[in-house]
Amino acid sequence: MEFKWLLISLCLVALLLLPLPTVLAAKVGDGSLPGVMDAMLKADFWVGKLDDPHQLILTSGGIAAFNQLITQTMPQTVVDMDHYPETVDSATLRRYLSANRLPRGSEYYDNGTLLNGAFYDQIEQNLNLLGLLGQNPVSWGFTVRRTDLRTFPTDRAASEDDASDDFDRFQETAVNIAEPVVMLHRSADSQWIFVQLYNYRGWLRAADVAAASSRKEWQSRRSMKFVMITGTKVAPRDTVMGRPIPEWRAGMGTRLPFLSMEQEGYVVEIPQRNSRGGLNWTKAWIHGKADVSIGELPFTRANILRQAFKMLGENYGWGGLNEGRDCSSFIMDIYAVFGIRAPRNADQQEKVTGRRTVLSGISDSATRYRLLAQTAPGATLHMNNHVMMYLGSHEGKHYAIHSLGSYGDASRPRGDGSLPRIGVMEIVVSDLNLPLRSGRKFIEVLSSVNVWQL
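Note that this is a predicted model, so its numbers are computed, not measured.

### Considerations on the overall build of the protein chain
When its secondary structure is counted, the protein chain shows eleven helices and 27 strands. For the protein chain, the C-alpha radius of gyration of 22 Å lies close to 22 Å, the compact-globule estimate for 454 residues. Dimensions along the principal axes, computed over C-alpha positions, put the protein chain at roughly 60 × 55 × 40 Å. Looking at the protein chain as a whole, 57% of its 454 residues are labelled buried. A separation threshold of at least 6 residues defines the contact pool for the protein chain, and within that pool the share at least 24 residues apart is 71%. About 18800 Å² of surface is accessible on the protein chain, with carbon and sulfur atoms providing 49% of the total. Counting 48 positive and 47 negative side-chain charges, the protein chain places the averaged centre of each group 3 Å from the other.

### Observations regarding unusual backbone geometry
Even without being glycine, Ser98 reaches a positive phi, approximately 60°. Structurally, the position occupied by Ser98 is in the loop between helix 4 (90-97) and strand 4 (109-110). Ser98 gets classed as buried once you look at its relative accessible area, which sits at 3%. For Glu395, which is not glycine, the phi dihedral falls at a positive 50°. When you line up the elements, Glu395 lands in the loop between strand 24 (386-394) and strand 25 (397-408). According to the relative accessible area criterion, Glu395 is exposed, its value standing at 71%.

### A word on the confidence of the model for the protein chain
The predicted model of the protein chain averages 92 in pLDDT, with 93% of residues at 70 or higher. Here residues 1-25 scores under 50 on pLDDT; set against residues more than four positions off or in separate chains, the count is 92 contacts.

### Side note on helix 7 (residues 301-309)
Most of helix 7 is tucked away: eight of the nine residues are buried. Along helix 7, the positions that sit buried rather than exposed are Arg301, Ala302, Asn303, Ile304, Leu305, Gln307, Ala308 and Phe309.

Each value, and the rule that gives it
- Residues numbered from 1 in each chain as written.
- Predicted model: local features only at pLDDT ≥ 70, side-chain atom pairs only at ≥ 80, totals over all residues.
- Heavy atoms only, no water.
- Helix = DSSP H or I, 4+ residues; strand = E, 2+ residues; numbered from the N terminus.
- Rg over C-alpha atoms; globule rule 2.2 N^0.38 Å.
- Buried < 20%, exposed > 50% of the residue type's maximum accessible area, 1.4 Å probe, protein only.
- Contact = heavy atoms within 4.5 Å.
- Areas by Shrake-Rupley, 256 points an atom, 1.4 Å probe, with all protein chains shown as cover.
- Lys, Arg positive; Asp, Glu negative; His and termini not counted.
- Charge placed at Lys NZ, Arg CZ, Asp CG, Glu CD.
- pLDDT = per-residue confidence, 0-100.

What follows is the structure in structure tokens.
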């Protein structure tokens, strides 16, 4: 698995490599940036511009075919979980564990403390490479709470900044409750399990995973009718009159097995880990007015945009840190509610087979805008290290919604043309004329536009 600091695809917009002078703060909390009218902060503003916003883009069968095509063209990125092998050979598993990529010699900090050689020795030992067999049997399970997928079996952070752990290089992604996993390996201290998600591999806390009794049981739960979480976060209750349980909090795109409707609410099942690490299921209740759907939402342009705007103003979170979303998880969660199995990282999402328009090599902004004007809102806009969702145009300007780390302050250009950093760190609407810290505009650096459909 590639590391975040090599892929750099969790959307710092490649701007953190520049020197950091005095940092200006953008207006935060409502998802607005300069040049964006208040009306543009509502999904209906953009939906109202569409000719047929409720037309079905793909049927459920079309989405299944689209997912199959993604898996066929990106088999190392998006995995066919239903046909995952029963064993993994030692050479493959050793490569997955990335022992040779421990960043020894890199200046990383955990809460201000420099990580040293002894720390990396301990991590390498905990990878449990001596425990690998010629053929390693796998098992099947579900996560029992929202949790973090880690590069290595440790909770310690690896930050380039000795004063902040906001960008933890050992953080891969956040994982929702009830996420199906294939369990591949266990750490030497037995506190961590190395797992395969449908679009990622990494380490989960063992306490956050419960093992099914068999592959058959695991598959039967995954094939059940389900409630899809379509709100940004929903917490089920243990009883109809009970309070929401924080540990059961489910993010957008989570699927929970659906049992019935009861007292104007949804009866679902929540996975739990028993004392032996096995999987139990307990009933839970979701209020009937909660932002959920039985099954996937219809895949329409209106629904794509409305899902995106539900997250407007939320904080940026590197790899899902601090309950936030980075640019690529923002895209992934939107498409998940339609049943589309998106890759996790921005550079991988750019490779999704769809109706792609390549912009690399086109230097003229007018030509870029002309091509963009032919693009359906809800498409993804790609550039190095960043992904956005296209909203459409208004009075000759084009706009996107995205989880943004920073942009450039055009009022104070430096002699080399670069711009001071304005920190944003939230999901915002912006004009594509917004400047980067390099001095160039977003429209000038887009590499491609992709409409996600067959």
